[in-house]
Amino acid sequence: MQLKIYKDYPELSANVADEIISLIKRKPDAVICLASGDTPRLTCQVFAERAIKEKIDTSKFTFIGLDEWVGISPVNEGSCRYFFETLLIKPLNLSGSQVHLFDALSKNLSEECRKMDKAISEKGGIDLMIVGIGMNGHIGFNEPGVSFDNYAHVTDLDEITITVGQKYFKGSAELKQGITLGLKHLMNSKKAIVIANAAKKAPVIKKAIEGTVSDLFPATIIQQHANGCVMIDEEAASLLNK
Ligand code: F6R
C-alpha cells in the first residue's frame, strides 16, 4: 500500500483528479468508481474543469457511483445521485449508458445490486476506485462487521453513519439503510485509492493504516490491496507514526 501526503485539501484534490484524468487519457474506456461526500467534492470539480478545459474525451469511460441512501429521492440535495449529477454528469454531459448509479427508490433493491454487479463484470471490472473513509472506518456503506467477501448489497446503517450523514441534508433526513458496492469490488479493482482530508479524519486514518486489518474497521482492508493507495492531506496524516 502506498501512502501519499499532500500539503492541503486543494493539493490533495488536484492530485486525485490527476489520477482520473491520466487514466482516461491512457484508457478512454476505463471503468471508474467514485464515492460522493465532502472529501471527493473538490476532486470532482477539478476533474470536470480540467476535462473541459483540456478537451479530454470523457464520452467513453464508464462511471459507477459507489453507493446511495436507501429511500432518499434523487432530487434530494443530500443524495449521492444529486452530487454526481451536479458535479460530473451535467458538466461533462455524460450519457445515461455510461453512468451506473443505484436506484435507491427501487422496490427491488436486490435487483439493483444484481444489475450493478453485472454491469461491472460485463465491463471487465473496475479500473480505478476512489473512496472516502467514514468516522467509523466505513468505505462506501460497508459498515463495521461487514463481510470482506460482499459485492453490492443493502445494509442497515451504523449509528455513526446516520448521525454524521445528516450533514449532507437540509433539515433532518430519515437514514436507515444504504445500498453499496462491496469490499470485494474494492479488492478486485485494478487500483484503489482511499482519500481523506482535515484533522477530524486523523484518528480514522491512523487506524486504517496502522491498525490490525479487521472487518470491525473496514478501511483497514486497503492495507491488503495489491495496488492500494492512501492519499491524504497533512492534517489527516497528523497522528501517523513518523
Ligand atoms: C459516500 C460514501 C461514504 C463517504 C464517507 C466519508 O458516497 O461512500 O463512505 O465516503 O462517509 O464522507 P466525507 O467525505 O463526507 O467525509
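Up top is the structure.
Computed from a prediction, not measured in an experiment: that's the story for all the values here. (Residues numbered from 1 in each chain as written. Predicted model: local features only at pLDDT ≥ 70, side-chain atom pairs only at ≥ 80, totals over all residues. Heavy atoms only, no water.)

## Topic: the sheet that holds strand 5 (residues 99-100)
And then number 1: The strand order across the open sheet formed by 7 strands is 1-10-9-6-2-3-5, and the pairing between neighbours is parallel. Edge positions in the sheet fall to strand 1 (2-6) and strand 5, since each of these pairs with one other strand and no more.
And then number 2: Two elements, strand 9 (residues 191-196) and strand 10 (residues 228-233), share 5 bridges in a ladder whose sense is parallel. Paired with Ala-192 across the two strands is Gly-228, which belongs to strand 10.
And then number 3: Its contacts with the sheet put helix 1 (residues 9-26) on strand 1, strand 2 (31-34), strand 6 (128-131), strand 9 and strand 10, and the angle it makes with strand 10 is roughly 145°. (Pairing = 2+ DSSP bridges. Helix = DSSP H or I, 4+ residues; strand = E, 2+ residues; numbered from the N terminus. Contact = heavy atoms within 4.5 Å. Axes fitted to C-alpha atoms, helices over the stretch in contact; angles between N-to-C directions.)

## A closer look at the nonpolar core
And then number 1: By size, the foremost hydrophobic cluster in this structure holds 43 residues, and its most contacted members are Leu-34, Phe-47, Phe-63, Phe-84 and Leu-88.
And then number 2: Formed by 39 residues, the second largest nonpolar core is a distinct cluster that contains Met-116, Ile-120, Ile-179 and Val-230. (Core = buried A, V, L, I, M, F, W, Y, C linked by side-chain atoms within 4.5 Å. Buried < 20%, exposed > 50% of the residue type's maximum accessible area, 1.4 Å probe, protein only.)

## Remarks on the packing of helix 1 against helix 2 (residues 38-53)
When two helices pack together, their arrangement is given by the angle between their axes and by how far apart the axes lie.
And then number 1: Packing of helix 1 against helix 2 leaves a shortest axis separation of 8 Å and a crossing angle of 50°. The pairing of helix 1 with helix 2 is recorded here as oblique in orientation. Note on packing geometry: the crossing formed by helix 1 with helix 2 is right-handed. Between helix 1 and helix 2, the contacting residues are Tyr-9, Pro-10, Ser-13, Ala-14, Val-16, Ala-17, Asp-18, Ile-20, Ile-21, Ile-24 and Lys-25 on the first element and Asp-38, Thr-39, Arg-41, Leu-42, Thr-43, Val-46, Phe-47, Arg-50 and Ala-51 on the second.
And then number 2: Split into classes, the residues belonging to the contact of helix 1 with helix 2 amount to 12 nonpolar, 3 polar and 5 charged. (Parallel < 35°, antiparallel > 145°, perpendicular 65-115°, else oblique. Left-handed = near helix turned anticlockwise from the far one by under 90°. Nonpolar A, V, L, I, M, F, W, Y, C, P; charged D, E, K, R; others polar.)

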